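Survey of secondary and tertiary structure
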Amino acid sequence: MAEIQMQTDVPTPQDGSEAANKDWYGRWSHLYKILDRRGPFADPSFTPGHGDVLDSSFIFLREILLNNCRVLVIGAGGLGCEILKNLVLSGFKNIEVIDMDIIDVSNLNRQFLFRPSDVGKPKAKVAAEFIMKRVADVKVTYYHGKIQDKDDDYYLGFQLIICGLDSVEARRWINATLVNLVGDEPERIRVLVDGGTEGFKGQARVIIPTITSCYECSLDMLGKQKTFPICTIANTPRLPEHCIEWASVIHWPKIRPDIKMDTDDPTHIQWLYEIALERAKEFNITGVTYSLTQGVVKNIIPAIASTNAIIAASCCNEAFKLITTAQPYLNNYMMYTGNEGLYTYTFEHQKKPDCPVCGNERVTMEINKEMTVEDFIEYLKERQEIQLKRPSLSHATTGEKIYWQSPPLFEQRTRPNLEKMLIEMVEQGDEITVTDTTLPFSLQIVISYT
Amino acid sequence: MNVDKKTQKYDRQLRLWHANGQTALETAKVCLINGTATGCEILKDLVLPGIGSFTVVDNKIVEGSDVGNTFFLVSDSIGMNRAQAVTEFLQELNEDVKGFHFSEDPIALIENQPEYFLQFSIVITTNLPEKSLLKLADILWNAKIPLVIVCTVGFIGYFRIALPEHTIVEAHPENIIDLRLDVPFPALEQYVKTFNFGALGSMDHAHIPYVVILLKYLEQWKRDHDSKLPSTSAERNEFKKLIQSGRRNVEEENFDEALASVWKACTSTKIPRQVEEIFKISSCENITAESSNFWIIARAVRDFAANEGLGLLPLAGNVPDMKADTPNYVAMQNIYRQKAKEDASAVRARVHNILNSIGRSTDSISDDEIDSFCKNASFIQVIRYRSLQEEYITEPKNADIGRWLQDLQENIVHYVLIRAMNRFYESYNRYPDAATFFLEDDAEEVSEEASNDFNTLKAYVNILLREWKITSYPEHLDNHIHEICRAGGSELANIASLLGGMVSQEVIKLITKQYIPMNNTVIFDGVRSTSSSYIL
Ligand SMILES: [Zn+2]
C-alpha cells in the first residue's frame, strides 16, 4: 500500500514518456488525489489510477490524460483563452486550437493570453504560443482559419471537442458535422462540450451526438435578435438606433456604393456616426453616440472576464469528468445568470424528435394556401427554431428547383417563381428540401395547407 | 480617432457598468489573503477589468503543487515567496493596475496588526482558519469594509459575503418603464387633449402613440365610471372593446400596442413595497453628518414623495419605443423627460437642504448622482448581510440548516463539510486526507490512517450538528465525508477558476454598487454542476 501511495507524487515507471519525467515534484498532486482514489459519486466504471477508456493493458489514467487524450478547442477568444488554461492545468497535454480571428484591442479586458503588442496577430497562434511558454511540457497546436476548412477525419482525430464560440452559425455547423459523423457507428461519437456567454449570462452543455439533444434541438432558446422594420428606419425614426441603421443600411449604399463597409474600420464607424448624428438632429432625436453606433452596426454583445471564467471552467470541469470518469458528467445543460444574485439552473434538455440534425421525424408546417413562394421564404426566415438566413428551396421528390439563392444563374432562372403561389409548385403533403449555404445539412419540410 | 485606447480596451464591459462603474473599479484597492490557485483566479478576473490596485498577503513559499494548479506561477517560482511570485504574473495582465505583495503571515498580521486591513476597499480570503477569520470579519465589519470568504476543495466551491450594509441605485432591471397612465400629470393630459382622433387622416391615425390612445380612452372611461379605472377583468374587457371601437382597421399596430398595455394602464402607480421598506429603515429617518449619500438622497426622495410628489416617486422619464411618427414620439418623450427633470430638481433642492442642515457642502453630492437615483428610484435596494459572528456564534440558522439537510438536492451539505473541514484544520494544521482510503479495489479494506481521518471528520460534523441542534444524523453525509477525504484539501484548477469568476463578479457588483450581489453564501457543486445560495 505504501508503494502505491508513492505514486501520488512521483512519476511511475509505467508512464515512461519523456513528458512525465520532466514533471517537477508535486506538479500533479492536487489532480492525483482525485484520479488515484475511489469516489462515492464516481461512475461505477471508474478505477482509481487506471484508465477504463483503454482497458487492454495496464495504463494509468494519468497517462491517458496527460499524453494520449487529444482535445480540440474551437475558439481562442474569451472562452477559448480560459479553456486552454484550464485544460493544461487539468492534465491535458495534447491540444489543438482553431480560431479565424485576429486580436482586437477590445479583447484585452478578458482574453488574458493577449497583450497590447499582440493586437493584429492571429488569436489561435498567440494563445497556443503563450500557453506553451507558460506551462511546461504541453503541446498546443493551432490552426488560424475556419472550422469549415476541416474534414471529418480531422474531427475524428480528437477524443473531445470543446467549443467556445460567439457565432450561432459556426456552432450549428460543428454540431451538425459531429452528429453526421456518427452514422451507424457509435465508435465515431465525439463528445461536444459547448459554452456560450452574453454579459452576465451564459450556459455550458454536454452534447453527445445522436444520444443527447443537440445544439440544433435548442435553437428556439436563443433570444431573438433585435431588428428594426425598414419603414421605421426610412420614414419614422424615433430612437438613436433607427438613425444609425439608416446611416448604415440606407445611406451608406447610396453614397458609397463602391466601398464595402468594414465595421472594424474606425473611419467607417466615424462616418456612420456623423451621418446618424445629423439625421438625429434633423428629427430632434437624442442619444446617438460613437459607442452606440459601434454597438449597433457591429451588433456588439457585452462580454466580461468573470462570466467567461465561469462558463469556460464549467466546460472544462465536464471535459475532465467525461474523460476520467472520476465523477458523473453533466446531463446535459447548465444555465447561469449573474445580474441579479447568482443562479444556475441544471436540467436535461430534451431531444427534439423532429430536429433537422439529430431527429428522425420530418418537420410538418401548416401553411396558408394564399402564400406566395416569397412569403414562404420570409416565413422560414422568421421561424426562431430553424433560423435560416438565405434559404433555397427544391421539391424533394421531383427535385425541381423552387427558388435558389445561388449561384446567380439559378437565382435568375428561379426568381420568377417568387411571385407564384406555393400551392402551384408544391401539393398538399409534398415535401420541400431547404438548404442554406451556412448550414452543413438540409431541412425536409412537409407542407400541409390550411 | 474618436475614442481613447482605454475606452476601446474596456468597451465590452463599459456597456454593462458604464463610465461611473469603471471609475469605481479603478479607485478600488483589493486585498487577497493567500495567493492560492483560487485566489489568483479571482484576482485575474479583477485585474483584467481594471481595478485600481491589488495586494497579495501571503508568506508561504511556492511549492511544486502550487505551480501545478496555478497559471500565474512557473517551475522557476518554486522556492520563492508566493505573494511576490503571483503578483508579478498577475500584474502583467493589465498595465493600468498596480500590484503589491506583502510577505507576511496573514494569521499573525490579523492577530498583531489588524488595522493593516483598513486601508482596503474590499478584502478577499482563501484558506484562512476559523479563528483568524472571525477576528478579521469583526474588524472589517466595524469599518464597513466588505469581506469575501472563499474556499474550494475537490469539486466543491464555497463563498460568503459579509458587510453590514450594501446599497444599490443602479440595479439595471430589464425595463424601467413608468408611464403614469393611471395618474397622468398635467403636461401629459394637456398633450393628449391636442389630439382629435376623428379629425386625423388614416396615416396619422395609425401613428398615434399608444400612450395617447390609452389615455384618451381612459379619460372617457373615467368620465362614465365615477373617475374610476377599470378594475375587474370584466371591466378591462369592456375597456378593450371601447378601444377596439375606435380602431379603423386591423392594420393599425398602435392599437395592438394599446390593447396589449391595458392591464398595465389599469394598474395603479405606487411606491413599490420594497422601496417603502427602505424608507422605514432608521438610516433614512435619522440623517446625520455621517450618513452616506445613498441615505441622504433616499430621505430627500421620501420627503418628495410625501409632499410635491403626491405620493409617487420621481418620474424616471423613459419612454419605450412604440408605433408613432417622429414628431409625436419626440414631443411625448420630451413631456416625460421634462417632468422627470422637474421631479429631479425638486429632489435636488431637498438634498441640498439636508446637506446644509448637517453641515455638508451642497456640491458634495453631484447632480448626476441625484439624477441617477431619481431615475432608478423604484428599483433601489438595501442588502443587510448577516455577520459572520451571527452565523458562527450568536445566531446560527439551526432550523434552516436542519431542514435543508433533509433535501438531497440541496447543496447545504457542502457547507457542513467545509465547516467541519476547517475545524479539522484548526486542530491538525492539515486538511483531512485519506491517501490510501479508496485506492484498493476492495473498498472494505481501509487503511488505519484513512479511516482515522474519515472518523475524525465525521466527529467534527457531529459536533456541528449538535451545535445546530440537529438530532438525527443524515445518512447521506457519509458519502460527502468520503468525498472530502478523497479530495484531501486539493484545489482543482477548474473549480478554482469557476469560483474565481463567481467571486470576482460579486466583488465588481459590490465595488460599482451596480447590479444585485448575492446574499450571503453561494455553494457550487462541480459533481452535479449545480449551485445554491443561502442566507446563513
Ligand atoms: Zn438535435
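Residues numbered from 1 in each chain as written. Chains lettered and ligands numbered in written order. Predicted model: local features only at pLDDT ≥ 70, side-chain atom pairs only at ≥ 80, totals over all residues. Heavy atoms only, no water.

Within an unreviewed UniProt entry, the label attached to chain B reads NEDD8-activating enzyme E1 regulatory subunit, and the organism entered is Glomus cerebriforme. Under the UniProt heading Function (unreviewed entry), the note attached to chain B is "Regulatory subunit of the dimeric UBA3-ULA1 E1 enzyme." Note on chain B: under the UniProt heading Sequence similarities (unreviewed entry), the record states "Belongs to the ubiquitin-activating E1 family. ULA1 subfamily." (UniProt positions renumbered as here; feature names shortened; annotations may be inferred.)

Looking at an unreviewed UniProt entry, chain A carries the name NEDD8-activating enzyme E1 catalytic subunit, with the source organism given as Glomus cerebriforme. Of the comments in the UniProt record for chain A, the one headed Function (unreviewed entry) reads "Catalytic subunit of the dimeric E1 enzyme, which activates NEDD8." As recorded by UniProt, the Sequence similarities (unreviewed entry) comment attached to chain A reads in full: "Belongs to the ubiquitin-activating E1 family. UBA3 subfamily."

**So, the packing of helix α13 (residues 305–324) of chain A against helix α24 (residues 493–512) of chain B**
It is at 8 Å that the axes of α13 of chain A and α24 of chain B come closest, and there the two elements cross at 160°. Considering their axes alone, α13 of chain A and α24 of chain B lie roughly antiparallel with respect to each other. Judged by the twist between their axes, the crossing of α13 of chain A over α24 of chain B is left-handed. Together, Ser306, Thr307, Ala309, Ile310, Ala313, Ser314, Cys316, Asn317 and Phe320 of chain A of α13 of chain A and Asn494, Ile495, Ser497, Leu498, Gly501, Met502, Ser504 and Gln505 of chain B of α24 of chain B make up the contact between the two elements. Of the residues assigned to the contact of α13 of chain A with α24 of chain B, the class counts are eight nonpolar, nine polar and no charged. (Axes fitted to C-alpha atoms, helices over the stretch in contact; angles between N-to-C directions. Helix = DSSP H or I, 4+ residues; strand = E, 2+ residues; numbered from the N terminus. Parallel < 35°, antiparallel > 145°, perpendicular 65-115°, else oblique. Left-handed = near helix turned anticlockwise from the far one by under 90°. Contact = heavy atoms within 4.5 Å. Nonpolar A, V, L, I, M, F, W, Y, C, P; charged D, E, K, R; others polar.)

**Here we look at the confidence of the model for chain A**
All names here are of chain A. Counting all residues, the mean pLDDT for chain A is 88, and 91% of those residues have values of 70 or more. In the predicted structure, residues 1–20 sits below a pLDDT of 50 and forms 35 contacts with residues beyond four places in sequence or in another chain. Between residues 51–58, whose pLDDT stays under 50, and residues either more than four places distant or in other chains, the model counts eleven contacts. (pLDDT = per-residue confidence, 0-100.)

**Let's talk about the nonpolar core**
Leu113 of chain A together with Phe117, Val123 and Phe159 of chain B are the most contacted members of the largest nonpolar core, which has 173 residues in total. It is α13 of chain A that provides the largest number of residues to this core, a total of eleven residues. If we ignore the near neighbours within four places in the chain, the residues touching Val123 of chain B are Cys31, Ile33, Phe117, Leu136, Leu140, Ile145, Pro146, Leu147 and Val148 of chain B. Of all hydrophobic cores here, the second largest spans 52 residues; its members include Ile161, Cys355, Val357 and Ile402 of chain A. (Core = buried A, V, L, I, M, F, W, Y, C linked by side-chain atoms within 4.5 Å. Buried < 20%, exposed > 50% of the residue type's maximum accessible area, 1.4 Å probe, protein only.)

**As for the sheet that holds strand β2 (residues 53–57) of chain B**
All names here are of chain B. Taken in spatial order, the eight strands make up an open sheet running β3-β2-β1-β4-β5-β6-β9-β10, and their pairing is mixed. Looking at which strands have only one partner, the edges of the open sheet turn out to be β3 (98–102) and β10 (530–534). Strand-to-strand, the axes of this sheet are offset by a mean angle of 15°, without reference to chain direction. Examined bridge by bridge, strand β6 (residues 156–162) and strand β9 (residues 521–525) share five bridges and lie antiparallel to one another. Bridge pairing in β9 places Tyr158 opposite Ile523. Against the sheet, helix α5 (residues 82–91) engages β2 and β3, with an angle of about 175° to β3. (Pairing = 2+ DSSP bridges.)

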